[in-house]
Amino acid sequence: MRRGTATDGKQVLRLESGLQMRTGNLVAGFGLVGAILLLAAWSAGLGLTDAGFADLLRALSGGVLSEAEVYALFTVRLPRIVLGFMVGWSVALSGALLQSIARNPLADPGLFGFSQGSMIMIMLLLIVAPVAPKSLVVLAALAGGLCVAGLLLWLVGGERSSGLSIVLMGIAVETVLSSFSSLLILYLPTETSIALSEWLAGSLFLANWSVIAAYFPLFVLSLAGIVLAGRATAVYDLGTDMAQSLGDPVARSRPVLLLFAVVLSAAAVTAVGPLIFLGVLAPHIAGFFSPAVGRARLFLSGLMGSILVVAADALTRGIAGGIPLPLGLSLTLIGVPLFIIALRLQALRKYQSH
């Protein structure tokens, strides 16, 4: 590994394999990881039971905790932190992928209708079989997202389509699906409607180690996906025509990237419900702290998504106290102000540079 300078004047680290990383992106990545660890340590101490990070370290080193402390730390708080990390990572990574494909900074799984497709399939399954096994719920979510993705690819015409046409068609499909889901909630029995409405607001209340174990392989797969999809997303940012001229097989890579984004989105919807706007928030906030492209952009976006979800859950359990604040609402309360501040500071930065 050796230091060097990129064509834009930025400092980079070059590996023997030929890959290079911007020093600023690397520093930002370590900073975000450190922020996640600090946030997780703080979040572990939030709740009605007096147990925190020090008690967790004591338990891991062989110390004895009370039954209440063990339950609070290992049954309630740690599963929520770990699942929140992985879900936030998945949704933010899905949003970053879709933004590169569509060349639109507002693209995310909700805008394209993927989340709505997964939600409707889950809702229909729970109506028909309220006690359906978790594996069937996951398959329903994946099927719903894939159906929407296939419909979207067919409607826009595959590789001939532009990013704008994908976004516009995605908005149209998402609007129709949102209307259908609202219709379902409106005319279902009251108990079912209330239960579905609570799930649609997003929650980590049902987080447990079995859900985390089922989710973990996808998280590992997403790390490999970043390595494989990094080059494609970097050239997609230049436009479809430029990507084709640089040798990227758009006809094959675009469906694969869409499939990757759908799987990430469907898994997150199954685990905690929809997290609206997170796929837009995380990549933009990460880009404000450290502008990046390709693999670095995907990785930093995933870390920022994890930070936002874990922080939102901490807000739910800490500041809200005993009030059952939905995760989606607390995520909006944290993410949107940061998003506005980042955009405003970015605009001021551009104004001062001219």
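The structure we're discussing is the one just above.
Since the structure is predicted, the reported quantities are computational estimates derived from the model, not experimental observations.

Peer 1: Break down the pattern of salt bridges for me, with residues and values.
Peer 2: For the structure on display, the rule yields two salt bridges. A salt bridge links Asp55 to Arg58, with the nearest nitrogen and oxygen atoms 2.7 Å apart. In this pair, Asp55 and Arg58 are both assigned in helix α2 (residues 53-60), three residues apart and thus about one turn of the helix distant. Its relative accessible area of 34% is what places Arg58 among the partly exposed residues. Two residues, Arg80 and Asp313, come together in a salt bridge whose shortest N-O distance is 2.6 Å.

Peer 1: Explain the packing of α2 against helix α3 (residues 67-102) to me, using residue names and the numbers behind them.
Peer 2: At their nearest, the axes of α2 and α3 sit 11 Å apart, and the two run at 105 degrees to each other. Classed by the angle they form, the pair α2 and α3 counts as roughly perpendicular. Contacts between α2 and α3 pair Asp55, Leu56, Arg58 and Ala59 from the former with Glu69, Leu73, Phe74 and Leu78 from the latter. Within the contact of α2 with α3, the residues separate by chemical class into five nonpolar, no polar and three charged.

Peer 1: Any chance you could break down the side chain of Ser100 for me, citing the residues and the numbers?
Peer 2: Mapped onto the secondary structure, Ser100 falls in helix α3. Looking at Ser100, its side chain comes within polar contact range of the side chain of Arg297, at 3.2 Å.

Peer 1: So what's going on with the packing of helix α1 (residues 23-43) against helix α13 (residues 294-317)? Residues and values would help.
Peer 2: Following both chains from N to C, one finds α1 and α13 inclined at 20 degrees, their axes separated by 10 Å at the closest point. Put simply, α1 runs roughly parallel to α13. The two elements α1 and α13 cross, and the hand of that crossing is left-handed. Along its contact with α1, which presents Asn25, Ala28, Gly29, Leu32, Val33, Ala35, Ile36, Leu39, Trp42 and Ser43, the element α13 presents Ala296, Leu300, Leu303, Met304, Ser306, Ile307, Val310, Ala311, Ala314 and Arg317. Considered class by class, the residues forming the contact of α1 with α13 number 15 nonpolar, four polar and one charged.

Peer 1: Could you give an account of helix α5 (residues 114-128), naming the residues involved and the relevant values?
Peer 2: In this model α5 runs 22 Å from its N-terminal to its C-terminal C-alpha over 15 residues, within 8% of the 21 Å that 1.5 Å per residue would give. If you check which residues of α5 are buried, you get Phe114, Ser115, Gln116, Gly117, Ser118, Met119, Ile120, Ile122, Met123 and Leu125.

Peer 1: For a nonpolar patch on the surface, give the residues involved together with the corresponding values.
Peer 2: A contiguous nonpolar patch, built from Met121, Leu124, Ile127, Val128, Phe180, Leu183, Leu186 and Tyr187 and spanning about 790 Å² of accessible area, is present on the exposed surface. Mapped by element, the contributors of at least two residues to the nonpolar patch are α5 and α7 (163-187). Mapped onto the secondary structure, Leu124 falls in helix α5. Judged by relative accessible area, Leu124 falls into the partly exposed class, the value being 33%.

Peer 1: Outline the packing of aromatic side chains, listing residues and values.
Peer 2: Geometry of an aromatic ring pair is reported as the spacing of the ring centres plus the angle between the planes. The tally for this structure, following the rule as stated, stands at eight aromatic pairs. Relative to Phe219, the ring of Phe85 has its centre 5.7 Å away and its plane inclined at 65 degrees; by these criteria the two rings are edge-to-face. Of this pair, Phe85 sits in helix α3 while Phe219 sits in helix α9 (residues 209-236), and the two are 134 residues apart along the sequence. With a centroid separation of 5.7 Å and 85 degrees between ring planes, the pair formed by Phe112 and Phe114 is classed as edge-to-face. Each member of the pair Phe112 and Phe114 is classed as buried. In textbook terms, an aromatic cluster arises when at least three aromatic residues are bridged by ring pairs, as seen for Phe85, Trp89, Phe216, Phe219 and Phe299.

Peer 1: I'd like a rundown of helix α12 (residues 278-289), residues and numbers included.
Peer 2: With twelve residues, α12 extends 17 Å between its outermost C-alpha atoms, agreeing within 8% with the 16 Å of an ideal straight helix rising 1.5 Å per residue. With respect to burial, α12 is a largely interior element, nine of its twelve residues being buried. Within the sequence span of α12, burial applies to Leu278, Gly279, Val280, Leu281, Ala282, Pro283, Ile285, Ala286 and Phe288.

The rules behind the values
- Residues numbered from 1 in each chain as written.
- Predicted model: local features only at pLDDT ≥ 70, side-chain atom pairs only at ≥ 80, totals over all residues.
- Heavy atoms only, no water.
- Salt bridge = Lys/Arg side-chain N within 4 Å of Asp/Glu carboxyl O.
- Helix = DSSP H or I, 4+ residues; strand = E, 2+ residues; numbered from the N terminus.
- Buried < 20%, exposed > 50% of the residue type's maximum accessible area, 1.4 Å probe, protein only.
- Axes fitted to C-alpha atoms, helices over the stretch in contact; angles between N-to-C directions.
- Parallel < 35°, antiparallel > 145°, perpendicular 65-115°, else oblique.
- Contact = heavy atoms within 4.5 Å.
- Nonpolar A, V, L, I, M, F, W, Y, C, P; charged D, E, K, R; others polar.
- Polar contact = N/O pair within 3.5 Å; in protein donor to acceptor, adjacent residues only side chain to side chain.
- Left-handed = near helix turned anticlockwise from the far one by under 90°.
- Expected span 1.5 Å × (residues − 1).
- Patch = residues over 30% accessible without salt bridge, like charges linked within 9 Å, V, L, I, M, F, W, Y side chains within 5 Å.
- Areas by Shrake-Rupley, 256 points an atom, 1.4 Å probe, with all protein chains shown as cover.
- Phe/Tyr/Trp six-rings, centres within 6.5 Å; stacked < 30°, edge-to-face > 60°.

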